[in-house]
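Each chain, letter by letter, is given below.
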Amino acid sequence: MSVLRPVILAASGSSRLQRAVTGFPVSAAVVRRFVAGETRAELEPVVRELLADGRMVSVDFLGENTTDHRIAEETVAEYLDLIDLLADVWRAVSAAPADARWVRPAEVSVKLSALGQALGPDGPGIAVENLRTICRRAAERGVWVTVDAEDHTTTTATLGTVHLLRSEFPWLAVAIQAYLYRSAEDCAAAAASGARIRLCKGAYREPAAVAHHRTADVDAAYRDCLATLMRGSGYPMVATHDPAMIERTALLARECDRARGDLEYQMLFGVRPDEQRRLVAQGRAVRVYVPYGRQWYGYLTRRLAERPANLMFFGRALLSR
Ligand code: FAD
């Protein structure tokens, strides 16, 4: 694991640095690379192009750790408009894949901390109600919802919220981070329940008491969780850019007799686009996680920590304004 990773992840939590950096509008180069834009109007052509190209989307309105009721309410309102936009764009794009009975090409990704989970003792209840509002609109418009995984202090509340709402919205999905020790058990429970699960390695700075740190250990944990989900009764969403994990998924798909429509690959907007297109050309289902909005700082610093080679690119883009 890179020596820069803990330093960059520490910076991702620094509100002073965040205020200084986000004083700049997102430079065009950074927008083009990792973030689809700051507004829905900028997002729309990106989504349209991805869908027309045969890739599915999961769109994230950037924002996290809201400590203000008003911002949580504004976030819900933005998601409702976003769902309407995605449904309309999807309907207008006929070239996108429409293979499986129940797979939805348009999805939103949501962080419960952006919906009010951290608003004091009432926060978890507020987040449940806000997520329910979003799921109702998504159900009306034929759009899916996945809840992102945040730092480990929120895992129990997040899984509990999704479990609660899955009785109303069985397609509601959640991300599980393979680096957490608890995730082997969480994946086993999810696999038995038939849930839709996004499996990722995990992007936060976590203490050794709760999460693997060594790359080899994280990869081994990912392989184990992947096998559990692929052999289970749910719908695995394999969120990784790692060639070894992508290859392992293909092997497991053959072993478990999972066809297109029984699993999907997921990658981030701007990361390995050629690989995304290669998988689509092979007939595999691929979904791209597309972030947009003004609150891009935390998201981008996590991407930098994963791949410090991106640091030069990011720095140049900011300085070139
Ligand atoms: P890594 O372990 O970072 O890299 C492994 C190998 O993959 C590298 O050696 C290289 O060969 C290849 N690779 C990786 N990146 C690149 C690149 N940019 N260019 C070329 N090759 C590359 N994390 C969360 O904590 N919560 C979430 O809800 C969450 N949602 C996610 C949703 C999606 C769709 C994706 C793709 C990731 C999500 N993540 C989330 C982030 C995830 O946890 C990892 O931090 C991130 O994906 C990096 O891990 P990796 O498996 O892609 O590969």
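Description of the structure in this document. (Residues numbered from 1 in each chain as written. Predicted model: local features only at pLDDT ≥ 70, side-chain atom pairs only at ≥ 80, totals over all residues. Heavy atoms only, no water.)

## Remarks on the site of the ligand
Filter applied, for reference: Throughout, near means a residue has at least one heavy atom within 4 Å of the molecule or strand. N or O atoms closer than or at 3.5 Å make up a polar contact, with two conditions inside protein: a donor-capable atom paired with an acceptor-capable one, and, for residues adjacent in sequence, both atoms drawn from side chains. All accessible areas in this document rest on Shrake-Rupley with a 1.4 Å probe, and a residue is counted as covered only by the protein chains that are shown. Only DSSP runs of H or I reaching four residues or more are called helices, and only runs of E reaching two or more are called strands; each is numbered from the N terminus. Any residue that is not Ala, Val, Leu, Ile, Met, Phe, Trp, Tyr, Cys, Pro, Asp, Glu, Lys or Arg is counted as polar, Gly included; the first ten are nonpolar and the last four charged.
The ligand sits among 24 residues. The nearest are Lys201, Gly202, Thr240, His241 and Glu306. One nitrogen or oxygen atom from the side chain of Gln177 is found 2.9 Å from an oxygen atom belonging to the ligand. Here the ligand loses 80% of its free accessible area of 950 Å² to cover by the protein chains. Put simply, the parts of the chain that give the shell around the ligand at least two residues each are β4 (173–177), β5 (196–200), β7 (264–268) and α12 (297–306). Here the shell around the ligand gets three residues from one element, more than from any other, and that element is β7. Classifying every residue of the shell around the ligand by side-chain character gives 11 nonpolar, five polar and eight charged.

## Let's talk about the environment of Asp148
To keep things clear, this is the line we draw: The buried label goes to any residue with under 20% of its type's maximum accessible area, the exposed label to any with over 50%, and the partly exposed label to all in between, with areas taken from a 1.4 Å probe on protein chains only. Any pair of residues with heavy atoms lying within 4.5 Å of one another is described as a contacting pair.
Relative to the helices and strands, Asp148 resides in the loop between β3 (144–147) and α7 (155–166). Overall, the relative accessible area of 3% leaves Asp148 in the buried class. Put simply, Asp148 and Asp60 are 88 residues apart on the chain and 9.2 Å apart in space, counted from C-alpha to C-alpha. Discounting residues that sit within four places of it in the chain, Asp148 has contacts with Asp60, Ser109, Val110, Lys111, Thr158, Ala175, Arg198 and Tyr289. Among the polar contacts listed, one links the side chain of Asp148 to the side chain of Arg198, at a separation of 2.8 Å.

## Notes on the packing of aromatic side chains
Stated precisely, the cut-off is as follows: Centres within 6.5 Å make a pair out of two Phe, Tyr or Trp rings, where for Trp the six-membered ring is used; the pair is then stacked when the planes are under 30 degrees apart, edge-to-face when over 60, and tilted otherwise. We call a charge positioned over a ring when the NZ of a Lys or the CZ of an Arg lies within 6 Å of the ring centre and within 35 degrees of the ring normal.
Inspection of every chain in the model, using the stated rule, returns five aromatic pairs. Both rings, one in Phe61 and one in Tyr292, keep their centres 5.3 Å apart while their planes meet at 45°; by these two values the pair is tilted. Highlighted residues: Phe61 in strand β1 (residues 56–61) and Tyr292 in strand β8 (residues 286–292), separated in sequence by 231 residues. Across the pair, Tyr292 and Phe61 agree in class, each one buried. Counting every residue linked through ring pairs, the aromatic cluster contains Phe61, Tyr79 and Tyr292. For Arg196, the ring lying beneath its charged end belongs to Trp144, and the centroid distance is 3.8 Å. Arg303 extends its terminal NZ or CZ atom over the ring of Tyr299, reaching a point 4.6 Å from the ring centre.

## Section: the sheet that holds β7
The condition that has to hold: Pairing between two strands requires that DSSP report at least two bridges joining them. A fitted line through C-alpha atoms serves as each axis, taken over the contacting stretch for helices, and the angle formed by two N-to-C directions is quoted from 0 to 180°.
Within the closed barrel, the eight strands sit side by side as β1-β2-β3-β4-β5-β6-β7-β8. Their pairing is parallel. Neighbour-to-neighbour, the strand axes of this sheet turn through a mean angle of 30°, independent of strand direction. Examined bridge by bridge, β5 and strand β6 (residues 235–239) share four bridges and lie parallel to one another. Within β6, the residue paired with Arg196 across the bridge is Tyr235.

## Here's the deal with the side chain of Glu206
Relative to the helices and strands, Glu206 is located in the loop between β5 and α9 (215–231). A distance of 2.6 Å separates polar atoms of two side chains, one belonging to Glu206 and the other to His152. The residues contacting Glu206, other than those within four sequence positions of it, are Glu150, Asp151, His152, Tyr179, Leu180, Ala211 and His213.

## Points about the nonpolar core
Going by this rule: To form a nonpolar core, buried Ala, Val, Leu, Ile, Met, Phe, Trp, Tyr and Cys residues must be joined to one another through side-chain atoms within 4.5 Å.
Ranked by size, the top nonpolar core spans 76 residues in total, and within it Val145, Leu172 and Val290 carry the most contacts. Top contributing element to this core by residue count: helix α5 (residues 69–92), with nine residues. Beyond its immediate chain neighbours, meaning those up to four positions away, Val145 contacts Glu107, Val108, Val110, Leu131, Ile134, Cys135, Ala138, Trp171, Leu172, Ala173 and Arg196. Core analysis: the next-biggest nonpolar cluster, separate from the first, contains nine residues, Leu62, Tyr289, Trp296 and Tyr299 among them.

## Points about the side chain of Arg258
Convention followed: Positive charges come from Lys and Arg, negative ones from Asp and Glu, while His and the chain ends are left out of the count. For salt bridges, the criterion is a side-chain nitrogen of Lys or Arg within 4 Å of an Asp or Glu carboxyl oxygen.
Among the secondary structure elements, Arg258 is positioned in the loop between α10 (243–255) and β7. One buried charged residue, Arg258, forms no salt bridge at all, with the nearest opposite charge on Asp262 at 5.5 Å. A polar side-chain atom of Arg258 sits 3.1 Å from the main-chain carbonyl oxygen of Gly234. At 2.7 Å, the side chain of Arg258 forms a polar contact with the backbone oxygen of Asp262. In this structure, Arg258 is in contact with Leu229, Met230, Gly232, Ser233, Gly234, Tyr235, Pro236, Ala253 and Leu263, ignoring residues within four places of it in sequence.

## Examining the pairing of β8
For β8, the tally of buried residues reaches seven of seven residues, placing the bulk of the element in the interior. Burial along β8 is two-sided: Val286, Val288, Val290 and Tyr292 facing one way and Arg287, Tyr289 and Pro291 facing the other are all buried. With six bridges connecting them, β1 and β8 associate as parallel partners. Its bridge partner lying in β8, Val59 is registered against Val290. Relative to β8, β7 is paired through four bridges, and the arrangement is parallel.

Remember, this is a structural readout, not a statement about activity or role.
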